[in-house]
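# Architecture and fold: a report
Residues per chain, in single letters:
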Amino acid sequence: EAQVTQNPRYLITVTGKKLTVTCSQNMNHEYMSWYRQDPGLGLRQIYYSMNVEVTDKGDVPEGYKVSRKEKRNFPLILESPSPNQTSLYFCASSNRGQGGNEQFFGPGTRLTVL
Amino acid sequence: AQSVTQLDSHVSVSEGTPVLLRCNYSSSYSPSLFWYVQHPNKGLQLLLKYTSAATLVKGINGFEAEFKKSETSFHLTKPSAHMSDAAEYFCVVSDPFATSGTYKYIFGTGTRLKVLA
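A few points on the structure. (Residues numbered from 1 in each chain as written. Chains lettered and ligands numbered in written order. Predicted model: local features only at pLDDT ≥ 70, side-chain atom pairs only at ≥ 80, totals over all residues. Heavy atoms only, no water.)

Right, let's talk about the overall build of chain B for a bit. Broken down by element type, chain B carries zero helices and twelve strands. For chain B, the sequential pattern of α-helices and β-strands runs β-β-β-β-β-β-β-β-β-β-β-β. Summarising its shape, the C-alpha atoms of chain B cover approximately 50 × 30 × 20 Å along the three principal directions. The proportion of buried residues among the 117 residues of chain B is 44%. Expressed as a percentage of contacts within chain B between residues at least 6 apart in sequence, the contacts between residues at least 24 apart total 56%. Carbon and sulfur atoms form 51% of the exposed surface of chain B, whose accessible area is close to 5,600 Å². The distance from the centre of the 10 positive side-chain charges to the centre of the 8 negative ones in chain B is 4 Å. (Helix = DSSP H or I, 4+ residues; strand = E, 2+ residues; numbered from the N terminus. Buried < 20%, exposed > 50% of the residue type's maximum accessible area, 1.4 Å probe, protein only. Contact = heavy atoms within 4.5 Å. Areas by Shrake-Rupley, 256 points an atom, 1.4 Å probe, with all protein chains shown as cover. Lys, Arg positive; Asp, Glu negative; His and termini not counted. Charge placed at Lys NZ, Arg CZ, Asp CG, Glu CD.)

Right under this line is the structure:
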């Protein structure tokens, strides 16, 4: 089944404790992206990747890192999480990042930073 | 800069009546436009997309949207609401960076649709 998977689905952590949220897709998509969803703000793009070893900042990249060493994986790293990073996170993928292509979304990761 | 405005944060309709969710966009380029739906505690699912073909786009579950360039709008409609349509809906514009060839996807803030029995 074609899908985007994220782990963990739920995470409660404390300020400053490094964490990684994994994202994997099995559709051979070149383009992958991370979003955060906050009430009243919609989804905002954190980082995106056009292909392996190619990443770029979205609209809200501060406090986050990403890497794209393999085509299927695009982990999101929070080196020193803070409470303002409490949010619902979505990973997405699509073909070649061309504007007309549908993004496929993972199920989401709900992160709470205490 | 590209942007998307969803004009209503909440919409309530009675079951069996028409649905209208409004979206206006701003884009310097020929945009691609999407509507996604998010049911409670679920991920996002594509309803429909416009990519410079027919201006009236039909999607899943009886939804459709019309691209109106002169009004910079892409409103989502459905003739008859069903209880299962209760969800949050997002209008999205793709934001092509012509020089680099990369694209961003810009989301509206969402419209929560409530369907009354």
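Another point: the pattern of salt bridges. In the structure shown here, the tally under the stated rule is nine salt bridges over all chains. Across the pair Glu79(A) and Lys65(A) runs a salt bridge, and its minimum N-O distance is 2.9 Å. On the criterion of sequence distance, the pair formed by Glu79(A) in the loop between β8 (76–78) and β9 (87–94) and Lys65(A) in strand β7 (residues 65–66) is long-range, its members being 14 residues apart. Close ionic contact of Arg112(B) with Glu88(B) constitutes a salt bridge, the shortest N to O distance being 3.0 Å. One end of the pair, Arg112(B), is in strand β12 (residues 111–116); the other, Glu88(B), is in strand β10 (residues 87–97), with 24 residues separating them in the sequence. The structure contains a network of salt bridges with shared partners spanning Lys18(A), Lys65(A) and Glu79(A). (Salt bridge = Lys/Arg side-chain N within 4 Å of Asp/Glu carboxyl O.)

So, on to the interface of chain A and chain B. The interface is formed by 25 residues belonging to chain A together with 21 residues belonging to chain B. Both faces combined, the contact of chain A with chain B buries some 1,800 Å², and carbon together with sulfur accounts for 54% of it. Counting the contacts that link chain A with chain B gives zero salt bridges. Here chain A and chain B share three residue pairs in polar contact (both at pLDDT 80 or more) between them. Listing elements by their share of the side of chain A that touches chain B, those giving two or more residues are β4 (31–38), β5 (42–51) and β9 of chain A. (Buried area = accessible area lost by both parts, 1.4 Å probe. Polar contact = N/O pair within 3.5 Å; in protein donor to acceptor, adjacent residues only side chain to side chain.)

The values are spatial; any link to function lies outside them.
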